[in-house]
Amino acid sequence: DTDTEYSQVTELDALKKQLHWGHYCPTGPTTVPTVPHALKDPMVFQAWPDIYVAGSCSEFATESVPYPSDSSRACRLICLPEFGEKGEAVLLNLQTLKVELLRFEDD
């Protein structure tokens, strides 16, 4: 059962799998409505990104994944929860790709 199999995958794990598969929507059109394209699939990564962010996640998570062809480079994966629910935001240093989590509390 696909739902049971994928219910154990974290959002960060899903980003890592998409990165390694080189596809933004590997389960489309089965789970996400996508339109087939005759000439090329626009959901295929043209190159590994330096930064890959997913919003509306259940919690903040981040990881640096080394490029397969160049271990001196890495892609920074970031899962962001909805700001209105968690009051969390992220600062990302574009030179080092280091992440700082900011938490805002309502007094």
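Heads up: these notes are all about the structure in this document. What you are looking at is a predicted structure, and each value in this text was computed from that prediction instead of being measured.

Basis of the calculations
Residues numbered from 1 in each chain as written. Predicted model: local features only at pLDDT ≥ 70, side-chain atom pairs only at ≥ 80, totals over all residues. Heavy atoms only, no water. Core = buried A, V, L, I, M, F, W, Y, C linked by side-chain atoms within 4.5 Å. Buried < 20%, exposed > 50% of the residue type's maximum accessible area, 1.4 Å probe, protein only. Helix = DSSP H or I, 4+ residues; strand = E, 2+ residues; numbered from the N terminus. Contact = heavy atoms within 4.5 Å. Salt bridge = Lys/Arg side-chain N within 4 Å of Asp/Glu carboxyl O. Phe/Tyr/Trp six-rings, centres within 6.5 Å; stacked < 30°, edge-to-face > 60°.

Next up on the list: the nonpolar core. In this structure, Leu15, Leu19, Trp48, Tyr52, Cys75, Leu77 and Cys79 are the most contacted members of the largest nonpolar core, which totals 14 residues. Elements with a minimum of two residues in this core: α2 (11-21), β1 (51-57), β2 (61-66) and β3 (74-81). In this structure Tyr52 touches Leu15, Gln18, Tyr24, Phe45, Cys75, Arg76, Leu77 and Ile78, once residues within four positions along its chain are discounted.

Right, let's talk about the pattern of salt bridges for a bit. In total, this model carries four salt bridges according to the counting rule given. Between Glu63 and Lys16 there is a salt bridge, with its nearest N and O atoms 3.1 Å apart. Here Glu63 is found in strand β2, whereas its partner Lys16 is found in helix α2, with 47 residues between them in sequence. Classification of Glu63 as partly exposed rests on a relative accessible area of 27%. Notably, a salt bridge pairs Arg73 with Asp50, separated by 2.9 Å at the nearest N-O pair. Of this pair, Arg73 sits in the loop between β2 and β3 while Asp50 is found in the loop between α2 and β1, placing the two residues 23 residues apart along the sequence. By relative accessible area, Arg73 is classed as partly exposed at 39%. Overlapping salt bridges bring together Asp13, Lys16 and Glu63 as one network.

Moving on, we get to the packing of aromatic side chains. Summed over the entire model, instances satisfying the criterion amount to five aromatic pairs. Taking the centre distance of 5.8 Å and the plane angle of 75° together, the rings of Tyr24 and Tyr52 count as edge-to-face. Of this pair, Tyr24 sits in the loop between α2 and β1 while Tyr52 is found in strand β1, placing the two residues 28 residues apart along the sequence. The class of Tyr24 is partly exposed, set by a relative accessible area of 37%.

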